[in-house]
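Residues per chain, in single letters:
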Amino acid sequence: MERFYKIAGLTVKMDTFGRTERLAAPYLCQAAPADIVICSDREAVQAKNPDLSESHCEYLASGGSFYRQLMAFDGLLLHAAAVVVDGKAYLFTAPRKTGKSTHVQLWLDTFGERALILNEDKPALRRIDGVWYAFGTPWSGKTGRNTNLQVPIGGIAVLRRGEENAIEQLPGSMVLHELLEQTVRPADPVGSMRLLELMDSLLTQVRVWKLHCNMDRSAALVAYEAMSGQKYEFT
């Protein structure tokens, strides 16, 4: 049965089930002209991943369909964990198993009720009236932790493991390749040029950092104070 959802500020129509249907429930909305119609080719996904369940393949296929269409609305996927503190979203991107989820959990432990998980794996990023926002979406990795919110982006950090905590701001040109590795890259030339235009806009307007960190709670403080420009006050 087709249902309508409000995801990343867009009306999305999809007929889904299982994990996708469950995680998308907070995004349900009234029927309206659809901006995006999900075309879920889960059979193709399952053919490439025969060990995955039908529900998991549907989850991957529906998310892929959404993010491929998102570029038409000044949006893109960033494979990142996004945490919100005091009304700003801070995104941490890195290859899998680097520790993104562990790092944002440090933010939750440090900031308590001031912090929440926006999306733990695949937030949607959109440029709206010249401002870049991060959005929760139902496609949020193994844990499924996400919140249906639109939040201005406070910064993006490329995460690396290290023995000591250190962070430095970088020009966008220095991390462009790394961020392109963490998004959906269209196969066609027109789509590729569109992605580069959006990425250039994002890296021009949003500050980007390289964060070397351990798993100590102080890593969250080092990252927060640099990315927010605010001194953390203990209470």
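Calculation notes
Residues numbered from 1 in each chain as written. Predicted model: local features only at pLDDT ≥ 70, side-chain atom pairs only at ≥ 80, totals over all residues. Heavy atoms only, no water. Helix = DSSP H or I, 4+ residues; strand = E, 2+ residues; numbered from the N terminus. Rg over C-alpha atoms; globule rule 2.2 N^0.38 Å. Buried < 20%, exposed > 50% of the residue type's maximum accessible area, 1.4 Å probe, protein only. Contact = heavy atoms within 4.5 Å. Areas by Shrake-Rupley, 256 points an atom, 1.4 Å probe, with all protein chains shown as cover. Lys, Arg positive; Asp, Glu negative; His and termini not counted. Charge placed at Lys NZ, Arg CZ, Asp CG, Glu CD. Phe/Tyr/Trp six-rings, centres within 6.5 Å; stacked < 30°, edge-to-face > 60°. Lys NZ or Arg CZ within 6 Å of the ring centre and 35° of its normal. Expected span 1.5 Å × (residues − 1).

Considerations on the overall build of the protein
Along its length, the protein carries seven helices and twelve strands. Its C-alpha atoms give the protein a radius of gyration of 18 Å, within 12% of the compact-globule value 18 Å for 235 residues. Projected onto the principal axes, the alpha-carbon positions of the protein cover approximately 50 × 35 × 35 Å. Looking at the protein as a whole, 50% of its 235 residues are labelled buried. Expressed as a percentage of contacts within the protein between residues at least 6 apart in sequence, the contacts between residues at least 24 apart total 67%. Of the roughly 11,300 Å² of accessible surface on the protein, a fraction of 52% belongs to carbon and sulfur atoms. Separation between the mean location of the 26 positive side-chain charges and that of the 27 negative ones in the protein comes to 1 Å.

Description of the packing of aromatic side chains
Counting across every chain of the model gives eight aromatic pairs. Judged by centre distance (6.0 Å) and plane angle (80°), the ring pair of Trp-107 and Tyr-224 falls under edge-to-face. Within this pair, whereas Trp-107 is found in helix H4 (residues 100–111), its partner Tyr-224 is found in helix H7 (residues 218–228), the two being separated by 117 residues in sequence. The residues Trp-107 and Tyr-224 share a single accessibility class, namely buried. Between Phe-111 and Tyr-224, the ring centres sit 4.8 Å apart and the planes meet at 55°, which makes this aromatic pair tilted. Of this pair, Phe-111 sits in helix H4 while Tyr-224 sits in helix H7, placing them 113 residues apart in sequence. The class for Phe-111 is buried, based on a relative accessible area of 5%. Taken together, the ring pairs connect Tyr-90, Phe-92, Trp-107, Phe-111 and Tyr-224 into an aromatic cluster. Cation over ring: Arg-19 sits above Tyr-59, and NZ or CZ is 4.4 Å from the ring centre.

Topic: H4
For H4, which comprises twelve residues, the first-to-last C-alpha distance of 17 Å matches the rise-based estimate of 16 Å (1.5 Å per residue) to within 8%. Within H4, the full set of buried residues consists of Lys-100, His-103, Val-104, Leu-106, Trp-107, Leu-108, Thr-110 and Phe-111. Elements in contact with the buried residues of H4: strand S5 (80–85), strand S6 (88–93), strand S7 (115–119), strand S10 (150–161), strand S12 (208–213) and H7.

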